[in-house]
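Below are the chains, spelled out letter by letter.
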Amino acid sequence: MQSRVTAPSLREMKERGEKITVLTAYDYPTAKLMDEAGVDVILVGDSVGMVVLGFENTLPVTMDMMVHHTSAVVRGTKHALVVADMPFLSYQTSVEDAVRNAGRMLQEAGAQAVKLEGGAAALPVVKKLTGMGIPVMGHLGLIPQSVHQFGGYSIQGRGDDAALQLRQDAKALQEAGVFAIVLELVTPDLAKRISNELLIPTIGIGSGSDCDGQVQVMHDLIGYSEEFVPKHAKQYTKIAGQLKDAFRAYISDVRSGKF
């Protein structure tokens, strides 16, 4: 049986030049299929709010919601490293709140690591959590929990000042102890530079192919929605139409008396 991927093993993958695969999951059966397929990391993202729960953004997602979904994902995995997103206001209010909530992710939900957003402002929390032995994944670039501050979902790192700030934040997070950093919607050239400057792996989403790994939202990957598809998403199938065909066939069979 394959051993479970760990936070340190991701750094070893980077050193070997082996790309890291990351997908989001929010339930047991999906996580089980991903795990059996061999994905390295499963991220239980606060994106659950948008793609599963129907919210406009990630801000309404609570700790109880994240613990609920993360525990289901953990039960479906044996190989993948399970990383749980720390939702809005679960770590920004105080270091004490961050410790308590990150502890819930590991103790109640069974996650092996947590992910939180932000650069300099997040450093005290990162240092405290990593100092306690809680693995932390960072997240820079477009940080969805600050969508109102950014004014939408746009490319980050344009201009010398913005690029320098992202590079400094990435290095500071590495020094604070994160084991990897998600780079979301960062200009590809900058994402490549940051990846080359860091010893820890970068996981890109909409940031080009030169990051050390890639993460995609599962629902985008399989075409679960017929409405909005992000420009950076690659659809490997379009399951929405297949599901509707199956539902319609069932309805027809029941109404006709075939089933």
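The structure presented is a predicted model; accordingly, all values stated were derived computationally and were not measured.

Q: Would you explain the overall build of the chain in this entry?
A: Secondary structure assignment for the chain yields 11 helices and eight strands. Taken against the 2.2 N^0.38 rule, which gives 18 Å for 259 residues, the C-alpha radius of gyration of the chain at 19 Å falls within 12% of a compact globule. Taken along its principal axes, the extent of the C-alpha atoms in the chain is 65 × 40 × 40 Å. Counting all 259 residues of the chain, 51% fall into the buried class. Here the chain has roughly 12900 Å² of accessible surface; of this, 54% comes from carbon and sulfur atoms. When the 25 basic and 29 acidic side-chain charges of the chain are each reduced to a single mean position, those positions are 3 Å apart.

Q: I would appreciate a short explanation of a nonpolar patch on the surface in the present structure.
A: Taken together, the side chains of M50, V51, V52, L53 and F55 make up a nonpolar region of the molecular surface, amounting to roughly 340 Å² of accessible area. Here M50 shows up in helix α3 (residues 48-51). Its relative accessible area of 33% is what places M50 among the partly exposed residues.

Q: Before we go on, may I ask you to explain the sheet that holds strand β4 (residues 113-115) in this structure?
A: Strand pairing in a sheet relies on backbone hydrogen bonds, with the paired strands running either antiparallel or parallel. The eight strands are arranged β1-β2-β3-β4-β5-β6-β7-β8 in a closed barrel whose pairing can be described as parallel. Neighbour-to-neighbour, the strand axes of this sheet turn through a mean angle of 25 degrees, independent of strand direction. When β4 meets strand β5 (residues 136-141), the two strands line up parallel, connected through two bridges. Each bridged residue has a counterpart across the sheet, and for K115 the counterpart in β5 is M137.

Q: Whenever I open this one, the side chain of S90 confuses me. Can you help?
A: Residue position: S90 is located in the loop between β3 (81-85) and α5 (95-107). Here P87 takes part through its backbone oxygen, which lies 2.6 Å from a polar atom of the side chain of S90. Filtering out sequence-adjacent residues up to four positions away, S90 remains in contact with M63, D97, A98 and N101.

Q: Before we go on, may I ask you to explain the packing of helix α6 (residues 123-131) against helix α8 (residues 160-176) in this structure?
A: Describing two packed helices takes the angle between their axes plus the distance from one axis to the other. Look at α6 against α8: their axes get within 9 Å of each other, and the N-to-C directions meet at 25 degrees. With respect to their mutual orientation, α6 and α8 come out roughly parallel. Of the two possible hands of crossing, α6 and α8 adopt the one that is right-handed. Touching L123, V126, K127 and T130 of α6 are A172, L173 and A176, all from α8. Class assignment of the residues belonging to the contact of α6 with α8 gives a composition of five nonpolar, one polar and one charged.

Q: Help me understand the pairing of strand β8 (residues 213-216), please; the structure alone is not making it clear to me.
A: Successive residues of a regular strand alternate their side chains across the two faces of the sheet. Where strand β1 (residues 20-24) meets β8, four bridges bridge the pair, whose relative direction is parallel. Bridge pairing in β8 links L23 to Q216. Pairing geometry for strand β7 (residues 202-205) and β8, over two bridges, is parallel. The partner of I203 across the bridge, within β8, is G213.

Q: Could you clarify how one ought to interpret helix α2 (residues 28-37) in this entry?
A: Residues separated by three or four positions in an α-helix point in the same direction, a consequence of the helix having 3.6 residues per turn. Buried residues of α2: T30, A31, M34 and D35, and no others. Axial view of α2: buried residues confined to an arc of 130 degrees, hence all on one face. For α2, the exposed residues set more than 90 degrees away from the buried face come down to L33, E36 and A37. Each element contacted by the buried residues of α2 is listed here: β1, β2 (41-44), α4 (63-75) and α10 (218-221). Positive backbone phi, at 105 degrees, marks G38, one or two positions downstream of α2.

Q: In this structure, what is going on with the nonpolar core? I would like to understand it.
A: The nonpolar side chains of a soluble globular protein tend to be buried with one another. By size, the foremost hydrophobic cluster in this structure holds 54 residues, and its most contacted members are L116 and I181. Membership of the second largest hydrophobic core comes to 18 residues, among which are V22, V41, M137 and A180.

Q: What is the right way to look at the packing of aromatic side chains in this model?
A: To describe a pair of aromatic rings, you give the distance between the ring centres and the angle between the ring planes. In total, this model carries one aromatic pair according to the counting rule given. An angle of 65 degrees between the planes, with centres 6.0 Å apart, marks the rings of Y250 and F259 as edge-to-face.

Q: Help me out: how do you make sense of unusual backbone geometry in this one?
A: The general pattern is negative phi for most residues beyond glycine and trans for most peptide bonds. Within the chain, L89 stands out as a residue other than glycine whose phi angle is a positive 70 degrees. Within the element layout of this structure, L89 appears in the loop between β3 and α5. In the Ramachandran plot, L185 falls in the positive-phi region, its phi being about 50 degrees despite a non-glycine side chain. Within the fold, L185 resides in the loop between β6 (180-184) and α9 (188-197).

Rules used in this analysis
Throughout, a residue's number is its position along its own chain's written sequence, starting from 1. Only residues with pLDDT of at least 70 get local features here, since the model is predicted, and only at 80 or more are side-chain atom pairs given and counted; chain-wide, interface and lining totals rely on the full set of residues. The basis for the side-chain values is all heavy atoms of the structure; hydrogens and waters are excluded. Numbered from the N terminus, helices here are DSSP runs of H or I no shorter than four residues, and strands are runs of E no shorter than two. Our radius of gyration looks at C-alpha atoms and nothing else; its globule reference is 2.2 Å times the residue count to the power 0.38. For every residue, the accessible area (1.4 Å probe, protein chains only) is compared with the maximum for its type, and the residue is labelled buried under 20%, exposed over 50%, or partly exposed between those bounds. Areas reported as accessible are Shrake-Rupley estimates using a 1.4 Å probe. Residue values count occlusion only from the protein chains shown. Note that His is not counted, nor are the chain ends; the positive residues are Lys and Arg, and the negative ones are Asp and Glu. Where a charge lies is defined by one atom per residue type, namely NZ (Lys), CZ (Arg), CG (Asp) and CD (Glu). Patch rule: a residue counts if its relative accessible area is over 30% and it has no salt bridge; like charges are joined within 9 Å, and nonpolar side chains (Val, Leu, Ile, Met, Phe, Trp, Tyr) within 5 Å. Any carboxyl oxygen of Asp or Glu within 4 Å of a side-chain nitrogen of Lys or Arg constitutes a salt bridge here. A pair of strands is considered paired only if DSSP assigns at least 2 bridges between the two. Axis angles are defined between N-to-C directions and span 0 to 180 degrees, where every axis is a line fitted to C-alpha atoms and, for a helix, only to the segment in contact. N or O atoms closer than or at 3.5 Å make up a polar contact, with two conditions inside protein: a donor-capable atom paired with an acceptor-capable one, and, for residues adjacent in sequence, both atoms drawn from side chains. Working rule for contacts: check all heavy atoms of both residues, and any pair within 4.5 Å makes them a contact. Any angle between 65 and 115 degrees counts as roughly perpendicular, while under 35 counts as roughly parallel, over 145 as roughly antiparallel, and the rest as oblique. Crossing chirality is assigned from the near helix's rotation relative to the far helix, an anticlockwise turn below a right angle marking it left-handed and a clockwise turn marking it right-handed. Residue polarity follows a fixed list, in which Ala, Val, Leu, Ile, Met, Phe, Trp, Tyr, Cys and Pro are nonpolar, Asp, Glu, Lys and Arg are charged, and the others, Gly among them, are polar. Directions pointing from the helix axis toward each C-beta atom define the arc. The nonpolar core is taken to be a set of buried Ala, Val, Leu, Ile, Met, Phe, Trp, Tyr and Cys residues, with the residues joined through side-chain atoms within 4.5 Å. Paired rings are identified among Phe, Tyr and Trp, the last through its six-membered ring, by centres lying within 6.5 Å, and are further divided according to the angle between planes into stacked (under 30 degrees), edge-to-face (over 60) and tilted (the rest).

Note that all results are geometric; they support no functional claim without further evidence.
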